[in-house]
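Descriptive structure summary
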Amino acid sequence: MKFRYKVLFTNLILLSLGLGLVGYLMIHKNFELAKQTQLKNAIVQNNLVQSSVEYELLQLLNSVSDNSETSNNNTDNNNAEKSSISASSIVAQLPQIGSRVSSSVRSRDSFFYIYFDGEKVYTDDKSDARISDTLFKNLTTGNKNYVIKEESQKHYIYVTSQSVIDEKNLCIVSKCDASEAYTLLDEQIKYFRLIIIVILIAESAAMYFISRYMTKPLEKLNHVSEEIAQGDYATRVNVKSYDEIGLLAQKFNIMAQAVSDHVDELNDMVHRREQFVADFTHEIKTPMTSIIGYADTMRSLELPREEQMMALGYIFSEGKRLESMSQKLFELIYLRRHDIEKARVHMADLCAEVVKVVEPAYENRHLTIETEIEDTVLTVNRELLVTALVNLMDNARKASEEGQQVEVTGKFVDNMACNIPKDKTDICEAESADDRKCTRAYEISIIDHGIGMTKEQAERICDEFYMADKSRARKEGGAGIGMSLVAIILEHHNAVLSVESEPGCGTTMRILLPW
C-alpha cells in the first residue's frame, strides 16, 4: 500500500472515531436534557393532579364533617358510623372527583390514575395500561417515583405520588407522553449520520489531494533512486521545500553525487589499470622483441665481430631499459603503499647533489647547467626528492638539443596563492587557487629550451608509460614511468608540480614545496 493511502486511511479512521465520539456525547447530552425536561413536565403535571384531587377530597371531607356535627347523637356508635361513612364516601366520590379533575387540568397526551388503599378507583386512560409495581415500592408521602415505558411505539413517563387520607393511602399516577425526546434523539442520529458521511467524503477527497501533494517529493525520490539503481548516476531530485522532505532530498542529492564521484573514481581507476597493463605489456614487448631477435640472429648466424658487438650493444641497452623500468615500477608501487620519512635538508646542498648526478649525461650532450639556488632548510625526504629532480633534469636533457642550456632555480615565493592541497591524488591536474592558501613556499624551477610540448601532452605527462615523443624517449632509454614517480614523490611532500610548455620553445617545470 502506498504511503499516501496509509495517510488517507489513518486520517479517515481518526476523524471517524473523533466525530463519532463527539457526536455521541453531544447527542447523549441533548437527549438527557430533553428527557429531564419531559420528566419535569410530568412531575408538574402529577403535582397539579395531586393538588386538585386532594382539594376535592378536602371539600368532600369538610362537607361530611359539617353534616356530622349537626347531629344530636354524640355517642361512640355514632362516631364509628361517621368514620365508616367518610371512607365509603371517599371511595364513592373519587371517580367523580377524578372526572372533574380530568376535565379541568388534564392536558393533551397526559393521563392519570387514582389508587385508594391499593385499589384503582379511577383513570382517564382509555388504554388502561397495567401500572408497574415498581412505582409503588418504597413510596412515601412527599416523595415521587417514576418509570419510563414504551407502549405502542411511544414512550411514556409514569410519575407516582402518595397522600394519606383517613389513614388510607391515596396514590396519584400521572402518565405523560415523552416521545418527543426520543423522536428528537432519532432525528439527531439520522442527521448526524448524514453529516458525518458528507464530512468523511469531503475529508477523503481533500486528504487524497493533500497526501498526494505531500508525498509527491517522495515519489520523485523513489523514481530517481530507481534511475540511479539502473546506472544513471547523473540524475538528481528537484525538490524545492524547506521541510524534512526537502532536507531529505538535499541529503539524497549529496549522497547521489558522492556515489557518482566514487563510481567515476572507480571507473577511472579501472581504466588506468587497464591502460597500465596495456602500456606495460607494450613496453615490455618492445625491448624483449629486440633482445630475442638479436639473440636469435647471433645464435643462428655467424656474424662478423663488428655486427656481433652491435647486436650485443642493442641487447645490453634494451636490458638496461628493462632494468630501469622494473626499478622505477618497484619504487612507484612502494611509494603508493608506504609513507616516507622526512628530515631537515639544506636545499642548496640537495640541488648541488642533483646537478652532480646528471652532469656526466649533460656533458655527453654538450649541454650546460646554470643554477641559482636560494638556500633554506625544508623538511623532506632527501633521497626521494633527489630522484624526482633527477628525473625532471633527465627529461630536460632529452628534450634539449646539443649546445643548449638548462636553468635550475630555487627561491622563496611570498604572499601568493599557491596550490598546495592537503590530499591530492593527481599532482599534475590543475587545482583552484582557493584549494589551499599559503603565505610562503619554496619554488624549484627547471627550464629548458628544447622541443617543448602541446597543452594536451603536458596534461598527460604524469600518466604511466606516457611519452610525448615515443621514438625520442626510447632512443634515450626512457620508459614513460619517470614522471609518474615524480608525481607520487611530490604528493608525499604535499607539493605541486606545474608545467608551462610550448612546442619549439621549451618547457618550464615548477615545484612548489610548502615551507
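Residues numbered from 1 in each chain as written. Predicted model: local features only at pLDDT ≥ 70, side-chain atom pairs only at ≥ 80, totals over all residues. Heavy atoms only, no water.

1. Re the packing of helix α7 (residues 382-399) against helix α10 (residues 482-492)
Running from amino to carboxyl end, α7 crosses α10 at an angle of 145°, the nearest separation of the two axes being 9 Å. Pair α7 / α10 crosses with left-handed handedness. In this structure, α7 uses Leu 384, Leu 385, Thr 387, Ala 388, Asn 391, Leu 392 and Asn 395 to contact α10, whose residues at the interface are Gly 482, Met 483, Leu 485, Val 486, Ile 489 and Leu 490. Within the contact of α7 with α10, the residues separate by chemical class into nine nonpolar, four polar and no charged. (Axes fitted to C-alpha atoms, helices over the stretch in contact; angles between N-to-C directions. Helix = DSSP H or I, 4+ residues; strand = E, 2+ residues; numbered from the N terminus. Left-handed = near helix turned anticlockwise from the far one by under 90°. Contact = heavy atoms within 4.5 Å. Nonpolar A, V, L, I, M, F, W, Y, C, P; charged D, E, K, R; others polar.)

2. Examining a negative patch on the surface
Taken together, Asp 261, Asp 264, Glu 265 and Asp 268 make up a surface patch of like negative charges. Assignment of secondary structure puts Asp 268 in helix α4 (residues 244-300). (Patch = residues over 30% accessible without salt bridge, like charges linked within 9 Å, V, L, I, M, F, W, Y side chains within 5 Å. Areas by Shrake-Rupley, 256 points an atom, 1.4 Å probe, with all protein chains shown as cover. Salt bridge = Lys/Arg side-chain N within 4 Å of Asp/Glu carboxyl O. Lys, Arg positive; Asp, Glu negative; His and termini not counted. Charge placed at Lys NZ, Arg CZ, Asp CG, Glu CD.)

3. Quick notes on a positive patch on the surface
On the surface, Lys 2, Arg 212, Lys 216 and Lys 220 cluster together to form a positively charged patch. A relative accessible area of 46% places Lys 2 in the partly exposed class. (Buried < 20%, exposed > 50% of the residue type's maximum accessible area, 1.4 Å probe, protein only.)

4. Looking at a nonpolar patch on the surface
Taken together, the side chains of Tyr 191, Leu 194, Ile 195, Val 198 and Ile 199 make up a nonpolar region of the molecular surface, amounting to roughly 460 Å² of accessible area. With respect to the helices and strands, Leu 194 occurs in helix α3 (residues 179-229).

5. Remarks on the sheet that holds strand β3 (residues 144-151)
With respect to topology, five strands assemble into an open sheet ordered β2-β1-β5-β4-β3, the strand pairing being antiparallel. With one partner strand each, in any of the chains shown, β2 (119-123) and β3 form the two edges of the open sheet. Neighbour to neighbour, the strand axes of the sheet diverge by 25° on average, direction disregarded. Bridging between strand β1 (residues 110-116) and strand β5 (residues 168-177) involves seven bridges; their strand directions are antiparallel. The residue bridging Phe 116 from the neighbouring strand is Leu 170, located in β5. (Pairing = 2+ DSSP bridges.)

6. Brief notes about α10
Of all 11 residues in α10, nine are buried; the element is thus mostly enclosed. Those residues of α10 that fall on the buried side of the exposure criterion are Gly 482, Met 483, Ser 484, Leu 485, Val 486, Ala 487, Ile 488, Ile 489 and Leu 490. Where α10 terminates, the next one or two residues include Asn 494, which has phi positive at roughly 60°.

7. Some points on the packing of aromatic side chains
The geometry of an aromatic ring pair comes down to the distance between the two centres and the angle between the two planes. Per the counting criterion, the structure on display carries six aromatic pairs. With 5.3 Å between their ring centres and 65° between their planes, Tyr 115 and Phe 136 make a pair best called edge-to-face. Of this pair, Tyr 115 sits in strand β1 while Phe 136 sits in the loop between β2 and β3, and the two are 21 residues apart along the sequence. Accessibility expressed as a relative area gives 29% for Phe 136, which makes it partly exposed. Positioned over the ring face of Tyr 156 is Lys 175, at 4.5 Å from the centre of the ring. (Phe/Tyr/Trp six-rings, centres within 6.5 Å; stacked < 30°, edge-to-face > 60°. Lys NZ or Arg CZ within 6 Å of the ring centre and 35° of its normal.)

8. Considerations on the packing of helix α6 (residues 347-364) against α7
When two helices pack together, their arrangement is given by the angle between the helix axes and the distance between those axes. Between α6 and α7, whose axes approach to 9 Å, the crossing angle comes to 40°. It follows that α6 is oblique to α7 by the angle criterion. In this structure, the crossing between α6 and α7 has a hand that is right-handed. Along its contact with α6, which presents Met 347, Asp 349, Leu 350, Glu 353, Val 354, Val 357, Val 358, Ala 361 and Tyr 362, the element α7 presents Arg 382, Leu 385, Val 386, Leu 389, Val 390, Met 393, Ala 396 and Arg 397. Looking at the contact of α6 with α7 residue by residue, the classes come out as 13 nonpolar, no polar and four charged. (Parallel < 35°, antiparallel > 145°, perpendicular 65-115°, else oblique.)

9. Some points on the environment of Asp 124
Tracing the backbone through its elements, the reader meets Asp 124 in the loop between β2 and β3. Spatially, the C-alpha atoms of Asp 124 and Tyr 113 are 7.1 Å apart, while their sequence positions differ by 11 residues. A polar atom in the side chain of Asp 124 sits 3.0 Å from the side chain of Ser 102. Only 2.9 Å separates the side chain of Asp 124 from the backbone nitrogen of Phe 112, close enough to count as a polar contact. (Polar contact = N/O pair within 3.5 Å; in protein donor to acceptor, adjacent residues only side chain to side chain.)

10. Focus on the nonpolar core
Generally speaking, soluble globular proteins have nonpolar side chains that are buried together. Counting residues in each nonpolar core, the largest one holds 41 residues, and the members touching the most others are Leu 350, Leu 389 and Ile 511. Elements supplying a minimum of two residues to this core: α6, β8 (377-380), α7, β9 (405-416), β10 (438-448), α10 and β12 (506-514). Sort the elements by how many residues they give to this core and α7 lands first, with eight residues. Apart from residues no more than four positions distant in its own chain, Leu 389 is found in contact with Leu 350, Val 354, Ile 444, Ile 446 and Ile 511. Core analysis: the next-biggest nonpolar cluster, separate from the first, contains 15 residues, Val 53, Val 101, Val 105 and Tyr 122 among them. (Core = buried A, V, L, I, M, F, W, Y, C linked by side-chain atoms within 4.5 Å.)

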